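One letter stands for each residue in the lines below.
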Amino acid sequence: MSTLSSSTGRPLGATIMRGLTRCAPALLSCAPALLLGAAMLTTAPHAEAATPTASQLQQLKQLPRAQQEQLARQYGVDLDSLSTSSSDNEQQDANTTPETPERIGGEQSQSDNIRHPGKASSQDDDTLKPFGYAFFDGKPASMASVDDLPLPSDYQIGPGDTLDIQVFGKENQQYDLTVKRDGNIHFPKYGPMQVAGETFGKVREQIKAMFEQRVIGVDVTVDIGAMRTMQVYLAGDVKQPGAYTVNGLTTVTQALLASGGIKTSGSLRDIQLKRNGKVIETLDLYDLLLAGDSSNDVRLLKGDTLFVPARGAQVAIEGEVLRPALYELNGPTTLASAINMAGGALPEGYLSSVSVKRVTESGIQQFSLDMSTSKGQAFTVKNGDDIKIAQSNDALDNAVVLRGEVVRQGAYNFESGMTIADLVSNAQRDLKPTADLNYALVVREIDAERNIEVLQFKLGQAIDHPSSSDNLRLQQGDQVFVFNNGIDSQYWDQRQSAKVDKSRLNRKGNGGSYIDAETGAEVQSQTKQNESKLAKKLAERDDEGERSLREQELEPIIERLKHQANNQYNAAVVELGGAVKYPGVYPLPANASFEQLLDAAGGLTEAAYLRQAEITRRQVVEGRLTVRHYPLDLNKAIKGEGPQFAIHRQDRINIKTKPNWHKNNTIELQGEVRFPGVYAFERGETIQDVIERAGGLTEFAYPKGAVFSRERLKRQEEERLKMLNRQLQQEISSLALRRQTSSAQYTTSPSEALSLAEELQNAEAVGRMVISLPRALKGDDVANIMIENGDKLYVPPKNPVVSIMGEVQFTSNQLFEPGMTVSDYIESAGGTKQQADTDRIYVVRADGSVMMPNNSFWFSRSQKRLEPGDTIIVPIDTDYLDGLSTASTATQILYQMGVAWKAVKD
């Protein structure tokens, strides 16, 4: 017999043993080599002499299972075969009875492979699988040594068993007696005793009785020292047929597990145990799998044969059952019994019409059976039947649904005569604080096509006055919607201690201030600027027409009403606009009144004009669509006086605003006014009017440098900056394309030009309007403009400085000298840079106006002179940007915006 050797010349088993000794402190690092070597010993031919024992692989077993599997995959080792091999080696080395049945001969069958855990099934997950065969999947786990197992009293003693007899007391003796082939055990002093064929319990009593008769004053204990081994046979549709060596405790199921299980073509319900050519027991595994009954799982004796015949009749059970699968029948079976085998129907299973499809010679025959009747339960199923339990309708039955601003949303049991007050009986207990008590809806399906109608009611009236018409009577399937009242309950209902911003207190205590981003003025925090900004944001939100929360909640109902409109009936919706709290589209309730529609929109606002409203209606007259307008006395309509005007589908109701009504118009005065702050004004007031109300200008004011910012102009300026940025990016893209397709040389890459576009994109609009404050204060009709909401006026103090910015050697602020010209100031800043555009030098006046001097300006003192606060701009020459036409404009805008800010700031 050859011995498998390692590369060092030593036997490989010894090499692994030495490796284990070295690797004991660091087992993980040696595990890969250990696995590889062990696998070679397991799979290599003629390796019996070098097969490792259990002690050699004990440290390998100490690794976590995940680590063992990872190493096995890495080195291509079959971990299960390695474990089985090591287990077999332990048994052979110890020369003990096999723990699990050991197969003697034959080859492994490949016709029906075992599906191990963790491996993907070859069948599709949606395909029904035969029931019960997974019981045999995988390999049996290692069992404890048979010597350590308690021996049952009904164990039948046979030749080969060893009895361990202990005698103690007057005499102390130990006997290890093996049952001979003739069935006797031989005591050295007392002769033979027949024990074969008797149970262990009876043999134990027999031995004790013999010693009590022959020896006085002794006690005896009897145990099994070693059980016999025997040979049994597995035949039929098993995965591993052949002869197996088993111990005396092996049962039918243990032998089947050792053989790898039963093929899917084999029967689970007619497993036959044959002894001496006769069937002595039949095992139905469904008793074990479905009821846990193992009474027929008998022990095997020497020479027994387990025979698994071909599978019998089979039916498919699918749908709403606990265990959909293919089930084998065992004799005549009713439909009720078949469904019970599948674990019974699920709660959502529809048992009133169970489908059974049967293949016959004439085709497929369909049965629909009611399992609530005895006839349906007693229906006999046959081989090949396909049983399917469909799902019940998931629609709510005998229920109403409560949704929206309620504490407990969901379905509620419906009872005849049920009303709104029965569903919501207490506003404090059943409703959220945000529930609107003046507007709620009942959505009701009115026909088989599931078309809906809407009923409107006041929830508060229904709860407080159950006898009122608002306490609607509900029907089965109604859905009650409770809407939000617009209150921020998260803020008002949270009881948290107010946290004081210490930094804000410090700023106020120290007379803190901040720079206004629109005018550049230094504003004291005591001017309540935050309040004015909040009011402005709220006004902007209203002007932008953002959808209210109520509009969002109503959207599914509105869409459903629009969907069910047809050529004969318009959608049952109306639109309310104007001076209402929540303008928008609303469902038109059945028998709706004008007051109900106003409740839907949250009621009138303070700006509503009560003398007149307008209803716009679309009508078809002589085949043509016409739009007509109907005036309505709103005050009388609310009180129910005068002629009642019926509301039609898709009417538009416009609640007019009071003449000359406006929101709180404010203007902020900053700088050198006697009383700076935020002032409310009436439409038509001018700059002169509001400055006079503020006490006029201070003696330090410089009205020529006044900065006037208007919100409307700021928004326009933002849009223009966006448009200019888009144009610049398009030209840069064209430039990049020309660079790729032309051999011309360019001084600047498009990436440098993109930096200008990025700077333009980040530029913040100012919204400055150039005004002449001195003329406005004198009452000039042109300069004394009307003010608008959100305007800001900053009057700076006198600042005798002229700034020089742009492409000069040193940007600086020079003291104003009446006799100095533009060229003088540029020279004082070190002159222009090489990339300066000297042909387009301009001056930004303190009031924001721009002066473009002619060529003779630098040498003529007869032109308009410079004044304090003026800024001289030397722009950059845009030709170096490869002739981008928009770059020049963008550069000038950026310069001018920066200069305006710099001039105001200084």
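Before any of the text, the structure's been laid out above.
Residues numbered from 1 in each chain as written. Predicted model: local features only at pLDDT ≥ 70, side-chain atom pairs only at ≥ 80, totals over all residues. Heavy atoms only, no water.

1. With respect to the pattern of salt bridges
Here comes step 1: A complete count under the given rule lists 23 salt bridges for this structure.
Here comes step 2: For Asp-651, the salt bridge goes to Arg-617, with nearest N and O atoms at 2.7 Å. Remark: Arg-617 occurs in strand 28 (residues 608–621) and Asp-651 occurs in the loop between helix 19 (634–639) and strand 30 (652–657); sequence separation between them is 34 residues. As far as the burial class goes, Asp-651 and Arg-617 line up, both buried.
Here comes step 3: Among the salt bridges present, the one from Glu-719 reaches Lys-722, with a minimum N-O distance of 3.9 Å. With Glu-719 and Lys-722 both in helix 21 (residues 711–741) and 3 residues apart, this pair spans about one turn of that helix. (Salt bridge = Lys/Arg side-chain N within 4 Å of Asp/Glu carboxyl O. Helix = DSSP H or I, 4+ residues; strand = E, 2+ residues; numbered from the N terminus. Buried < 20%, exposed > 50% of the residue type's maximum accessible area, 1.4 Å probe, protein only.)

2. Here's the deal with the sheet that holds strand 2 (residues 162–169)
Here comes step 1: Taken in spatial order, the 3 strands make up an open sheet running 3-2-6, and their pairing is antiparallel. At either margin of the open sheet sits one strand with a lone partner, and together these are strand 3 (173–178) and strand 6 (218–226). Ignoring which end each strand starts from, the neighbouring axes of this sheet average 20° apart.
Here comes step 2: Both strand 2 and strand 3 contribute to a ladder of 6 bridges, which runs antiparallel. The residue of strand 3 that forms the bridge with Ile-165 is Tyr-175. (Pairing = 2+ DSSP bridges. Axes fitted to C-alpha atoms, helices over the stretch in contact; angles between N-to-C directions.)

3. Details of the environment of Leu-300
Here comes step 1: When you line up the elements, Leu-300 lands in the loop between helix 8 (285–291) and strand 11 (305–308).
Here comes step 2: Judged by relative accessible area, which is 0%, Leu-300 ranks as buried.
Here comes step 3: The sequence separation of Leu-300 and Arg-275 amounts to 25 residues, and the corresponding C-alpha distance is 9.4 Å.
Here comes step 4: Leaving out residues up to four positions away in the same chain, Leu-300 has contacts with Met-230, Val-232, Gly-248, Thr-250, Thr-251, Val-252, Ala-255, Leu-273 and Leu-306. (Contact = heavy atoms within 4.5 Å.)

4. Section: the pairing of strand 5 (residues 191–194)
Here comes step 1: Alignment of strand 4 (residues 184–187) against strand 5, held across 4 bridges, turns out to be antiparallel. In the sheet register, Asn-184 faces strand 5, and the bridge partner there is Gln-194.
Here comes step 2: Between the end of strand 4 and the start of strand 5, which pair antiparallel, lie 3 residues.

5. A few points about the sheet that holds strand 18 (residues 386–389)
Here comes step 1: Read across the open sheet, the 5 strands follow the order 13-12-18-15-16; overall the sheet is mixed. Each end of this open sheet is capped by a strand with a single partner; those strands are strand 13 (325–328) and strand 16 (363–369). Each neighbouring strand pair of the sheet contributes to a mean axis angle of 20°, computed without reference to strand direction.
Here comes step 2: When strand 12 (residues 314–319) meets strand 18, the two strands line up parallel, connected through 4 bridges.

6. Re the packing of aromatic side chains
Here comes step 1: As enumerated under the stated definition, the model contains 12 aromatic pairs in all.
Here comes step 2: Ring pairs connect the aromatic residues Tyr-175, Phe-187, Tyr-190 and Phe-211, which therefore count as one cluster.
Here comes step 3: The ring of Phe-307 has Lys-274 lying over it, and the distance from NZ or CZ to the ring centre is 4.9 Å. (Phe/Tyr/Trp six-rings, centres within 6.5 Å; stacked < 30°, edge-to-face > 60°. Lys NZ or Arg CZ within 6 Å of the ring centre and 35° of its normal.)

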